[in-house]
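Listed below, chain by chain, are the residues.
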Amino acid sequence: MKFSLVAGTLKIMESTTKRLELTSHLVDLFKKTPSEIIANVVYLLQGKLRPDHEGVELGVAEKIAIRAISKSAGVPVKKIEHEYHEGGDLGQAASKVLEEKTQTTFLTQTITVERVYDTLYKIAELKGARSQDMKMKYISSLLNDASPSEAGFILKIITGSLRLGIADYTIMDALAIAFTGSKENREALEKAYNVSSDLGKVAAAVAKDGINAIKNFKVSVFSPVRPMLAERVKSAEEAREKMGSEFAAEYKLDGERVQLHILGEKIVLYSRSLENITNYYPDIVEKISKSLNAKQLILEAEAVAVNEDTGEFLAFQELMHRRRKYGIHKAVSQYPITVNFFDVMYVDGKSCLDLAYKERRKLLENIIREDSFAKLMPMTIVKTNNEVEDVLENAINTGCEGLMLKQLDLPYRAGARGSNWLKLKREYRNELGDSLDLVVIGAFFGRGRRTGRYGALLLATYDDQTDTFPSICKVGTGFTDENLDQFYQILSDKITLKKNPRINSGLEADVWFEPELVIEILASEITLSPIHKTAIDVIRKGSGLALRFPKFTGRIRFEKTPENATTDQEIISLYNGQKRVVQDERQNYI
Ligand code: ATP
C-alpha cells in the first residue's frame, strides 16, 4: 500500500480538530487498507510501532534526524536548524528543505507503508555504539525516496511529535464504521481494547473477521488488561449511599500497582500505566511461583516497601529507589517489599473478568499461598458506617492511605473508573484535601534562595477529549531544597524550544517542557479562572478552572504517564461536589 495514502490522510487530519471529520477521514483510509497491514497503520497513526507495553522505542535524537535531513536534501545542518527554530516543527522543516530540492530533481520511487514501517522497526532495533550512524542512514534512505510531505510525517513519527488530536476512541469509532458498518459497535471494540491494550490487534481482528472476531476477543497472558479505577468518596456515608447495604472494604496500601502475567516459568510485570516493569522487581520473579496454586495467571497486587524487622509498611517513595538501570539487586536487598494480591483476571485458560468480585476474591484466596512475601490484601465485609470507620482506623494505623471499597456482586470493568470501586482516604475528609496528579508543562526561574533553580512550576490536567494539557495552576509551595535540585535536573532533559502544541496555557512560562513528568498536588479549593484553561468554557464561558493554594506533596509520580494525570472531567466533578458542600453548609447555617 502506498505510504502517500497514509500521509495524505494525516495531512487532511492536521487541518481539522472536528471529531466527526477526523473519523470520516480515518474510515476512508481504513477501507483502503489491506487487513494484513492495518495493525501497523493504526500504530503509525498513534505515532508508535507497537503497543506501549512492548517498549519498542525509536530512540532517535533530534540531532540525528537533522543530520539525515541534511544528507538527503544536500543542505547544511545549520540551515535545517534555522528552519526548525523558526517553525518549531522538525517535520515541517524537513518538508520545506526537501521541497526546494525536489524542484530540481525527480522522484524515482514510490514508498510503501510496508517499507516505512519495516525501516522504522529496524531503526528501533538498532543498539550499540555505531547505531546512531546506522539510524541516520536508514532515515536518510527513506527521505530520499519520499515526497516532501511524506518525509515531514516520517520525521514527526520518528521524533515522537505526531499529534493529531485523535484519541484512541476516535480510531475505534472509525474501525467500527469501516468494518462493521455501524458506530454502535464501538463499545465492543473498546471492550476488546481494554482487555488487550493493543489497538493494532483489535483493528486486525475486526478488519479480518468483523464484529464476531471482536465479540470472541479473549484476555491473554502477556497482553496487559487496562486497570479498573476507583472514584473518590469523602465519607463512609457517601460510600454507603453509592454502594448499598453490604460491600467489601480492603486496605488501600501505598505502593505500586503491579499486574502479574504468569505462564509457567515466564513472568512479566506491568505497571499502572502498563509499562513493562519486570526489571525493577527481580525478587517477585524469583519468589512468587512458590506461592501460587496455578500455572497460567493474570493477577493484580500492590507491591509495598516494608521494614523487614517490624513488618511495617513504608511510604511509596521508598519503592522509587528501585527505578534504576544499574544496581537493582542492591536496591532489592535495601528496600524489601511484600506483594499484596487484590484481584485475579485470568486462571488456566479462563478469563475471570465477568465473575463477581466475591467470586474472584474466593478464587484468589484459593490461588495464593500466603507467606512472608506474598500476601492477600486484608479485606472485611462491612455493613454499617461504624464498621467502615473501624476498618479505616485500623488501616491508617498500619500505615495505609485509606480504604478501597468494592461492590460484591459486580464484575471487573477493565479500563473504567466508576462507582463499582470507591477510594476513601483520610485526607479527603477535610477541605478539598484531595490529591491530584498533574503534569509539569513549564517553569519560572527562582529568585533569592531559589536563584539558579526553578521558583515555581506550571501544571496541567489532561483533557482526554482533545488529547491536550490545559494549565490549571502555578505551584511554588511544598518544595524542599532537595526537591528543587531534583526538579532542575529531571526537567533539564524535557526543555523544548517552543511550547509543545498539546499544551494550552494563558501564561507565558520562562521555560517550557515536554509534558511528561507527573507530580502530586494538594489544594484547598477549585475556583473559576480567567487565565487557566482546564475545563475552559464548561462552567462559565471564557473561564477555566484553577487550584487555590496548591502545594507539592513531595511525591513525583514516575509510574504515571501524562495521559494518566487527573483529567478535566475529574476536576469538573470535584468542582461540582465542592459546590454542593458549600450549598449544604449554607443551608445548615440558614
Ligand atoms: P488512579 O485512581 O487513577 O489509579 P491513583 O493511583 O492516584 O490514581 P489512588 O488514589 O492511588 O489513585 O488509588 C488507586 C490505586 O490504589 C490503585 O491504582 C492501586 O495502585 C492502589 N491500591 C492500593 N490498595 C488497593 C486495593 N486494595 N485495591 C485496588 N487498588 C489498590
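Residues numbered from 1 in each chain as written. Predicted model: local features only at pLDDT ≥ 70, side-chain atom pairs only at ≥ 80, totals over all residues. Heavy atoms only, no water.

Asker: What am I meant to see in the site of the ligand here?
Answerer: Residues in contact with the ligand amount to 19 residues; listed here are only the nearest, Glu250, Arg272, Glu302, Arg417 and Lys423. A distance of 2.7 Å is found between an oxygen atom of the ligand and a side-chain nitrogen or oxygen belonging to Glu302. Within the side chain of Lys560, a nitrogen or oxygen atom sits 3.0 Å from an oxygen atom of the ligand. Surface burial for the ligand is 94%, taken as the share of its 590 Å² of free accessible area covered by protein chains. (Near = heavy atom within 4 Å. Polar contact = N/O pair within 3.5 Å; in protein donor to acceptor, adjacent residues only side chain to side chain. Areas by Shrake-Rupley, 256 points an atom, 1.4 Å probe, with all protein chains shown as cover.)

Asker: Looking at this model, I keep getting lost on the packing of helix 7 (residues 113-125) against helix 8 (residues 131-145). Mind explaining?
Answerer: A packed helix pair is summarised by two numbers, namely the angle formed by the two axes and the spacing between the axes. For the pair helix 7 and helix 8, the least separation of the axes is 9 Å and the interaxial angle reads 165°. The orientation of helix 7 with respect to helix 8, classified from their angle, is roughly antiparallel. Remark: the crossing between helix 7 and helix 8 carries left-handed chirality. Each of Arg115, Val116, Thr119, Leu120, Lys122 and Ile123 in helix 7 lies in contact with helix 8, whose residues at this interface are Lys135, Tyr138, Ile139, Ser141, Leu142 and Asp145. Its residues assigned to classes, the contact of helix 7 with helix 8 shows 6 nonpolar, 2 polar and 4 charged. (Axes fitted to C-alpha atoms, helices over the stretch in contact; angles between N-to-C directions. Helix = DSSP H or I, 4+ residues; strand = E, 2+ residues; numbered from the N terminus. Parallel < 35°, antiparallel > 145°, perpendicular 65-115°, else oblique. Left-handed = near helix turned anticlockwise from the far one by under 90°. Contact = heavy atoms within 4.5 Å. Nonpolar A, V, L, I, M, F, W, Y, C, P; charged D, E, K, R; others polar.)

Asker: What's the story with the packing of aromatic side chains in this structure? I'm lost.
Answerer: The description of an aromatic ring pair uses the distance of the two centres, along with the angle that the planes make with each other. Applying the stated criterion across every chain yields a total of 10 aromatic pairs. Between Tyr462 and Phe469 the ring centres are 5.3 Å apart and the planes differ by 40°, which places this aromatic pair in the tilted class. Classification of Phe469 by relative accessible area gives buried; the value is 0%. Ring-pair connections join several aromatic residues into one group, and the members of that group are Phe445, Tyr454, Tyr488 and Phe513. (Phe/Tyr/Trp six-rings, centres within 6.5 Å; stacked < 30°, edge-to-face > 60°. Buried < 20%, exposed > 50% of the residue type's maximum accessible area, 1.4 Å probe, protein only.)

Asker: When you look at the pairing of strand 1 (residues 229-233) in this model, what are you seeing that I'm missing?
Answerer: Consecutive side chains of a regular strand alternate in pointing toward one face of the sheet and then the other. Burial within strand 1 is extensive, with 4 of its 5 residues counted as buried. For strand 1 and strand 11 (residues 417-425), the ladder comprises 5 bridges, and the chain directions are parallel. Within strand 11, the residue paired with Ala230 across the bridge is Gly418. (Pairing = 2+ DSSP bridges.)

Asker: Honestly, the sheet that holds strand 11 in this entry has me stumped. Any pointers?
Answerer: Whenever strands of a sheet pair, they do so through backbone hydrogen bonds, lying parallel or antiparallel. Spatially, the 5 strands line up as an open sheet ordered 1-11-10-2-9, and their pairing is mixed. At either end of the open sheet lies a strand with only one pairing partner, and these are strand 1 and strand 9 (379-382). Shown here is a sheet whose adjacent strand axes are inclined to one another by a mean of 35°, direction ignored. Together, strand 2 (247-252), strand 9 and strand 10 (402-406) form the strand contacts of helix 16 (residues 357-367), whose direction differs from that of strand 2 by roughly 50°. Against the sheet, helix 17 (residues 385-397) makes contact with strand 2, strand 9, strand 10 and strand 11, and its axis sits at roughly 135° relative to strand 10, the strand it touches most.

Asker: What exactly am I supposed to notice about the nonpolar core here?
Answerer: Across soluble globular proteins, nonpolar side chains have a tendency to be buried as a group. Counting residues in each nonpolar core, the largest one holds 112 residues, and the members touching the most others are Phe3, Phe30, Leu120, Leu403 and Leu405. The dominant element in this core, judged by the number of residues it contributes, is helix 12 (residues 199-215), at 8 residues. Core analysis: the second largest hydrophobic core is formed by 32 residues, Leu260, Tyr281, Val339 and Leu376 among them. (Core = buried A, V, L, I, M, F, W, Y, C linked by side-chain atoms within 4.5 Å.)

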